[in-house]
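# Structure assessment
Read off the chains here:
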Amino acid sequence: MAAPGENLRINSDRLWDSIMEMAKIGPGIAGGNNRQTVTDEDGEGRHLFKRWCDAAGLDMGVDEMGTMFARREGTDPDLPPVYVGSHLDTQPTGGKYDGVLGVLGGLEVVRSLNDLGIKTKHPIVVTNWTNEEGARFAPAMMASGVFAGVLDQADVYSHVDKDGKKFGEELERIGWKGSEKVGDRKIHAFFELHIEQGPILEDEGIDIGVVTHGQGLKWLQVTLTGKEAHTGSTPMPKRRNAGLGMARVIELVHEIAMDYQPDAVGAVGHMEVYPNSRNIIAGRTVFTIDIRSPEKEVLDAMDGRIREGIDTICEALDIKYQIEQVGHFDPVTFDAGCVKAVRDAAERLGYSHRNIVSGAGHDACWINRVAPTAMVMCPCVDGLSHNEAEEISKEWAAAGADVLFHAVVETAEIVG
Ligand code: HGY
Ligand code: MN
Ligand code: MN
């Protein structure tokens, strides 16, 4: 006799169609998306998500960080809900699935429960966390970080994008600043479905990543100040070249990360050069170092070595430096009970699965601090993400959403 809901599956056509519909909002220039946080495109995507939630009979709440909480009632409304979701904002040259699969996978869980007339004891809340990417406004996982009490709301409201626009003002401008106090909600458990954004699952031919841990991250924003001067008439020994300094630091970050293989990673993806003129030596450079490791000791060691190296480089080039930590979370161990629910679901549904450490940061990494949390991962083509060519198969999306469905429903406790 099958256990209650044993063979439950989501409607993969509906999930896929919804992902493709969402992808039409904030299209990129190469088939992906540019739906950056609190832009008009983000606002449009939110409205579409809300229309779908309304159609599914969900009650929408929005907090002061703009995070959207769409609630399906439980038979015992006083019980803390099971939350399920991710983010709808994208990188400037993002893919169609990063974050979106998790939000619409959560919506598909509810849509499928509605189709099947299944009730759960705990309410279920489908969630769209604001500004997971941290691309337009640092840091990443901003709203979930405020919810978890690790980031200060007034502070992040004041963070500015490259055009000097403030996050709080932009959130208000697009009309998605809610009235709910951030972090008041009690969460029974949180599940997030996400593409792996790396090559392991596809390379090994595995359907499901059971995410046991998330690696730690540090973002160090560095400002180097030298002296603008003529690239032609300034003798080499007299130059104070902030561009050369940045180049040496970028090389240093790579070398230090390579010292801690196979797991550590390091790169500089954001770079600004001033005045950025062909025949002026760069007087100032601003760039962000992104270092990550599953081990806190390694993360801290890389941080320390990089700071020492920057000091040595700047001494040699006679340039000044400032270092500001603009993002940080230590390695995360997800809740064993929730992880087991994910693994058992994959097992029950007959999907191949393996434990995996998340290379990317996710809202789940912060929510894990305030509620039992776990993640489900599906493969992505060539492990590629944060690239408009990001691609997954419909089958991978369905497998991930099926496992999410079972983990959520089991935790929310089917009634009858
Ligand atoms: O940076 C990250 O890991 C995430 O994609 N925001
Ligand atoms: Mn993401
Ligand atoms: Mn991302």
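For the structure itself, consult the block above.
Cut-offs used in this document
Residues numbered from 1 in each chain as written. Chains lettered and ligands numbered in written order. Predicted model: local features only at pLDDT ≥ 70, side-chain atom pairs only at ≥ 80, totals over all residues. Heavy atoms only, no water. Buried < 20%, exposed > 50% of the residue type's maximum accessible area, 1.4 Å probe, protein only. Helix = DSSP H or I, 4+ residues; strand = E, 2+ residues; numbered from the N terminus. Pairing = 2+ DSSP bridges. Donors = N, O, S within 2.8 Å, 3.2 Å for Na, K, Ca; no water.

Within strand S7 (residues 208-214), six of the seven residues are buried, which leaves it mostly tucked inside the rest of the structure. For S7 and strand S13 (residues 353-358), the ladder comprises six bridges, and the chain directions are parallel. Bridge pairing links Val210 to Asn355 in S13. Sheet analysis places S7 next to strand S14 (residues 373-378), joined by three bridges and oriented antiparallel.

Let's shift gears to the coordination of the manganese ion (ligand 2). Those donors, His87 (NE2), Asp98 (OD) and His194 (NE2), are the protein atoms that reach the manganese ion (ligand 2), and they lie 2.1 to 2.3 Å from it. If you look at the manganese ion (ligand 2) and the manganese ion (ligand 3), they sit 3.5 Å from each other and are both ligated by Asp98. Of the two residues, His87 sits in the loop between strand S3 (82-86) and helix H3 (100-116) while His194 sits in strand S6 (residues 189-195), which places them 107 residues apart along the sequence. We classify His194 as buried; its relative accessible area is 1%.

Here we come to the coordination of the manganese ion (ligand 3). Around the manganese ion (ligand 3), the protein supplies Asp98 (OD), Glu133 (OE), Glu133 (OE) and His386 (NE2) as donor atoms, at distances of 2.1 to 2.5 Å. Mapping the donors of the manganese ion (ligand 3) onto the primary sequence yields the spacing D-x34-E-x252-H. When its relative accessible area of 5% is taken as the criterion, Glu133 is described as buried.

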